[in-house]
Amino acid sequence: MSQRYATFREFYPFYLNEHRDPTCRRLHFVGSALIVVLVALVIARLLAPWWLLAVPLVGYGFAWVGHFFFERNRPATFTYPLYSLIGDWVMFKDILTGRIRF
């Protein structure tokens with residue numbers, strides 16, 4: 001990862017290349033979906049706000065299992081934290097819309 005990306009548009013193809021394994025993508029998707037559910041439950045006041053502290057654990061937990069055990073690479077979060085976070089949600093949207101296979 002010696003290349004530096006000036007824009008997210010440049011970064012996203014690299015991000016997708018780091019998520020070729022279907023199980024890794026599925027784990028990312030599940031983690032992101034659980035974050036959406038968790039936040040919705042807090043907004044609906046069905047869970048206490050302190051549950052929001054679990055958001056990073058849920059999101060990164062599922063994603064990093066995917067990277068370390070299935071993709072066998074280093075998560076882009078360590079080098080590109082903001083672009084990686086954006087990439088997670090763009091990939092989530094791309095899976096929901098069928099642009100990327102689940």
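Okay, so let's go over this structure.

Within the protein, the secondary structure is distributed over 4 helices and 0 strands. In the protein, the order of α-helices and β-strands from amino to carboxyl end is α-α-α-α. Taken over C-alpha atoms, the radius of gyration comes to 14 Å for the protein, in line with the 13 Å a tight globule of 102 residues would show. In terms of overall dimensions, the protein has C-alpha extents of about 45 × 25 × 25 Å along its principal axes. Relative to its 102 residues, the protein shows a buried fraction of 38%.

Ranked by size, the top nonpolar core spans 14 residues in total, and within it Tyr5, Phe11, Tyr12, Phe14, Tyr80, Tyr83 and Met91 carry the most contacts. At the level of secondary structure, the elements contributing two or more residues to this core comprise α1 (8–17) and α4 (81–96). For this core, the element with the most residues is α1, which contributes 5 residues. The residues contacting Tyr83, other than those within four sequence positions of it, are Tyr5, Ala6, Thr7, Phe8 and Phe11.

Here we come to a nonpolar patch on the surface. There is a patch of nonpolar side chains on the surface, built from Val36, Leu82, Leu85, Ile86 and Trp89 and spanning about 420 Å² of accessible area. At 4 residues, α4 tops the list of elements feeding residues into the nonpolar patch. By relative accessible area, Leu85 is classed as partly exposed at 41%.

Our focus in this paragraph is the pattern of salt bridges. Evaluation of the coordinates by the stated rule reveals 2 salt bridges. Note that Asp94 and Lys93 form a salt bridge whose closest N and O atoms lie 2.8 Å from each other. On the basis of relative accessibility, which here comes to 1%, the residue Asp94 falls in the buried class. Overall, Lys93 belongs to the partly exposed group, its relative accessible area being 42%. The shortest N-O distance in the salt bridge between Arg99 and Asp94 comes to 2.8 Å. In this structure, a network of salt bridges that share partners links the residues Lys93, Asp94 and Arg99.

Attention shifts here to the environment of Phe14. For Phe14, the position within the fold is in helix α1. Along the sequence, Phe14 and Ala76 sit 62 residues apart, while their C-alpha atoms lie 9.2 Å from each other.

On to the packing of helix α2 (residues 22–43) against helix α3 (residues 55–71), then. The contact between α2 and α3 brings their axes to 8 Å, and the two run at 175°. Comparing the axis directions of α2 and α3 gives the class roughly antiparallel. Residues Thr23, Cys24, Leu27, His28, Val30, Gly31, Leu34, Ile35, Leu38 and Val39 of α2 form the contact with α3, whose participating residues are Val55, Val58, Gly59, Phe62, Ala63, Val65, Gly66, His67, Phe70 and Glu71. Class assignment for the residues of the contact of α2 with α3 results in 13 nonpolar, 6 polar and 1 charged.

Conventions and cut-offs
Residues numbered from 1 in each chain as written. Predicted model: local features only at pLDDT ≥ 70, side-chain atom pairs only at ≥ 80, totals over all residues. Heavy atoms only, no water. Helix = DSSP H or I, 4+ residues; strand = E, 2+ residues; numbered from the N terminus. Rg over C-alpha atoms; globule rule 2.2 N^0.38 Å. Buried < 20%, exposed > 50% of the residue type's maximum accessible area, 1.4 Å probe, protein only. Core = buried A, V, L, I, M, F, W, Y, C linked by side-chain atoms within 4.5 Å. Contact = heavy atoms within 4.5 Å. Patch = residues over 30% accessible without salt bridge, like charges linked within 9 Å, V, L, I, M, F, W, Y side chains within 5 Å. Areas by Shrake-Rupley, 256 points an atom, 1.4 Å probe, with all protein chains shown as cover. Salt bridge = Lys/Arg side-chain N within 4 Å of Asp/Glu carboxyl O. Axes fitted to C-alpha atoms, helices over the stretch in contact; angles between N-to-C directions. Parallel < 35°, antiparallel > 145°, perpendicular 65-115°, else oblique. Nonpolar A, V, L, I, M, F, W, Y, C, P; charged D, E, K, R; others polar.

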